[in-house]
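Understanding the architecture of this molecule
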Amino acid sequence: MTSLDHYRLLGRSGLRVSPIALGTMTFGPDWGWGADAGEARRIFDLYVDRGGNFVDTAVNYTDGASERIVGEFIKDKRDHIVLATKFTMAREPGNPNSGGNHRLNMLRSVEQSLRQLNTDRIDLLYLHGWDMTTQCDEVMRGLDDLVRSGKIHYVGICNTPAWRISQMQTIADLRGWSAFVALQIEYSLVERTVEHELIPMAEALGMGVLPWSPLGGGVLTGKYARSDIADSREASISPTRKGKGEIMRALATRALAWCLCAAMFTASSLTTAAPLWSDEYGGR
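Okay, so let's go over this structure. (Residues numbered from 1 in each chain as written. Predicted model: local features only at pLDDT ≥ 70, side-chain atom pairs only at ≥ 80, totals over all residues. Heavy atoms only, no water.)

1. Some points on the packing of helix H2 (residues 65-74) against helix H3 (residues 103-117)
Following both chains from N to C, one finds H2 and H3 inclined at 50 degrees, their axes separated by 7 Å at the closest point. The angle between H2 and H3 places the two elements in the oblique class. Of H3, the residues touching H2 (which contributes Glu67, Arg68, Val70 and Gly71) are Gln112, Ser113, Gln116 and Leu117. (Axes fitted to C-alpha atoms, helices over the stretch in contact; angles between N-to-C directions. Helix = DSSP H or I, 4+ residues; strand = E, 2+ residues; numbered from the N terminus. Parallel < 35°, antiparallel > 145°, perpendicular 65-115°, else oblique. Contact = heavy atoms within 4.5 Å.)

2. What to know about the sheet that holds strand S7 (residues 152-158)
The 7 strands are arranged S3-S4-S5-S6-S7-S8-S9 in an open sheet whose pairing can be described as parallel. What marks the edges here is a single partner per strand, and that holds for strand S3 (22-23) and strand S9 (208-212). Strand direction decides the pairing type here: S3 and strand S4 (residues 54-56), joined by 2 bridges, are parallel. Residue Leu22 lies in a different strand from S4, and its bridge partner there is Val55. The strands touched by H3 within the sheet are strand S5 (82-87), strand S6 (122-127) and S7, with S5 carrying the most contacts at an inclination of about 140 degrees. Each of S6, S7 and strand S8 (180-186) touches helix H5 (residues 162-175); the most contacted strand, S8, lies at about 170 degrees to it. (Pairing = 2+ DSSP bridges.)

This is the structure:
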């Protein structure tokens, strides 16, 4: 088993991080579910006591509570923690500039994260998701300015098409701006489409890959059944974890059916299990 203190270089950088990051999207019950401060502290201490040094959050997680909790936990060990957070998502209803990848939101989001985390710098800032609007040179120049100012040290990107990331990385390299060192993407046994372009791209362009939802939102633990799938298209935050957008996508019929079929295949002979791999379950 890989130990948390078996540190690895993050992409093309010289930054050493644990092979498993501590995700803190569920730190704080402000979305109606999640870990309270006591349980979050227990999780954090278990991770750090075993050598973990890579903590991941975002400016909007649990309406800012996640960053505030993380900031409290790391204040006496700040120099030992590689702190990652993210910007993009809107934070003020009715304010069209409170979200997006443009320079204005980028700077405001970083300033808010610095306040919530009670720190003077962010070690890794991710672009959380492509807004399909802002020009690439504006994004990469804005990120480079933040690095030069000392507010952030490294930049990464999440949930963006491979062709767009390649374009942005090329612009940064050609102009001598700070390039991406990390790529955070959904990757698990039920979500492997990233193997076609995103992962080979990351290898070629010097980005470390950090999968999110490696257990498919819990589907791969075996705790869900067909009865747990809800036909919900609600876009807002649900009062239960089962209704959260990321979880519902992971509980898509195809993903769950794949897991159920795989379990039956393992428990059966090839002859009896083979008919299960049909178009009804989306092929293999």
